[in-house]
Amino acid sequence: AKRYGVIGHPIEHSRSPQIHTQFASQFNLALSYERILAPLDGFSATVEAFFKDGSGLNVTLPFKEQAYDLVGPRLSRRARMAGAVNTLWLEEGQLHGCNTDGVGLCSDLLRVGHNPEGKRILLIGAGGASRGVVFPLLEAGCEMLHIINRTSAKAYDIREQVVALDPDASRRLSAGGLDDHCGDWDIVINATSASLNQNLPELPDARYRSNSLAYDMFYASEPTAFMRAAEQAGATHSKDGLGMLVGQAAASFQIWHGVEADVEPVLAKLRQDIG
Ligand code: ATR
C-alpha cells in the first residue's frame, strides 16, 4: 500500500490519519497514513527520508513555512499566496507543494450555507492561520475582506504581501487593529490562537448583518468562547472549525488521489469522537 502521513511537532493529537483512512475506504483504496514527529531542527531531513518510499505528506505546525521553503519553485499558486504549504507530493521525482487550508475553509462555509461570494467578511488574527485563508476568500468572490489583529502591523503586512502578488486584491482587502471594525459583517472569522485556551481576543463589538455567521477556526466538544460571545453580540449562526479540518483533508486527498471524498460521514464520526 502507498504511504501517506502528517508531519508536525507535536503530532500525537492529529486527527488526519482517521480522516484520510475513512476517505480511502470510500474508494476501497489501500493506503497507510502515519503520524510523523519531526525534531524541531530536523524537518527537511525527515521529509527527505519519508519520500524515499512515501507518496504524500500533510504538514502541520510548526513546519508549514519550512515546507514552503523546501518546495522552492514548485509551489501551487495557493501555496504562494499563503506563504505556507500543508500538502506535499512527488511528481517526476520532484517535491511539489500546495496549501489546502483556505479551500478547506471556503468549502466548509459553502457546506454550512454561507457562500463567501458577495459577502463582507471580517477576519480576526494575522498569524499563519489567517494568512492561509485570505487569498481563497478573495478568490471565492467576497465583496470585502477586512483583517484585524491585536498587533495591527501584522494585519497590514498580510495585506501588503497579498496585494504584491495580486494587485487586483487591493480594492477588496483592508487591514487594521482589533478595534478597527467599522461597518457590519456577514461573516466574522476567528483565526487567532486565543480560542485554544478558551481565552477570547479583545472582541471587537462587531455589528452583524442578518443571516450572519461567526466562524471559529478552532473546534472543541462544546461551542467555543468565541462562538458564544458572537451569538450574544448578534451573530445569527455560529460554527466551529471541525468542518474546515475535514475540508482541507478532502482537498489534499483530491490532489493525491484525484477523487472527491464525501466529507459529511467523516465529519459526523469525528464530531462524535471529540464529543
Ligand atoms: P497561527 O499560525 O496559528 O495563526 P500565530 O502566528 O502565533 O499562530 O498567530 C496567533 C494569532 O492569534 C495572532 O494574530 C495573535 O495576535 P498578535 O499578532 O497580536 O500576537 C492572535 N492572538 C493570540 N492570543 C490573542 C489574544 N489573547 N487576543 C487577541 N489576539 C490574540
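Residues numbered from 1 in each chain as written. Predicted model: local features only at pLDDT ≥ 70, side-chain atom pairs only at ≥ 80, totals over all residues. Heavy atoms only, no water.

## Thoughts on the nonpolar core
Membership of the largest hydrophobic core comes to 30 residues, with the highest contact counts inside it found for Leu 123, Val 134, Leu 137, Leu 145 and Ile 189. Elements represented by at least two residues in this core include exactly helix 5 (101–111), strand 6 (120–124), helix 6 (128–139), strand 7 (144–149), helix 7 (152–165), strand 8 (173–177), strand 9 (184–190) and strand 10 (207–216). In terms of residue count, the dominant contributor to this core is helix 6 (5 residues). Filtering out sequence-adjacent residues up to four positions away, Ile 189 remains in contact with Leu 105, Ile 121, Leu 122, Leu 123, Ile 124, Leu 137, Tyr 215, Met 217 and Phe 226. Ile 19, Leu 245, Val 246 and Ala 249 belong to the second largest nonpolar core, which has 23 residues in total. (Core = buried A, V, L, I, M, F, W, Y, C linked by side-chain atoms within 4.5 Å. Buried < 20%, exposed > 50% of the residue type's maximum accessible area, 1.4 Å probe, protein only. Helix = DSSP H or I, 4+ residues; strand = E, 2+ residues; numbered from the N terminus. Contact = heavy atoms within 4.5 Å.)

## Here's the deal with the side chain of Asn 190
If you trace the backbone, Asn 190 turns up in strand 9. Assessed through its relative accessible area of 0%, Asn 190 is described here as buried. Only 3.1 Å separates the side chain of Asn 190 from the side chain of Asp 216, close enough to count as a polar contact. (Polar contact = N/O pair within 3.5 Å; in protein donor to acceptor, adjacent residues only side chain to side chain.)

## With respect to the site of the ligand
By nearness alone, 13 residues border the ligand, and Ala 126, Asn 149, Arg 150, Thr 151 and Lys 154 come closest of all. At 3.1 Å, a backbone N or O of Gly 128 approaches an oxygen atom of the ligand. Within the contact set of the ligand, an oxygen atom lies 2.7 Å away from a side-chain nitrogen or oxygen of Lys 154. When the ligand sits alone it has 640 Å² of accessible area, and the protein chains cover 74% of it. Of the residues contributing to the shell around the ligand, the split by class is 4 nonpolar, 7 polar and 2 charged. (Near = heavy atom within 4 Å. Areas by Shrake-Rupley, 256 points an atom, 1.4 Å probe, with all protein chains shown as cover. Nonpolar A, V, L, I, M, F, W, Y, C, P; charged D, E, K, R; others polar.)

Geometric values such as these leave the question of function open.
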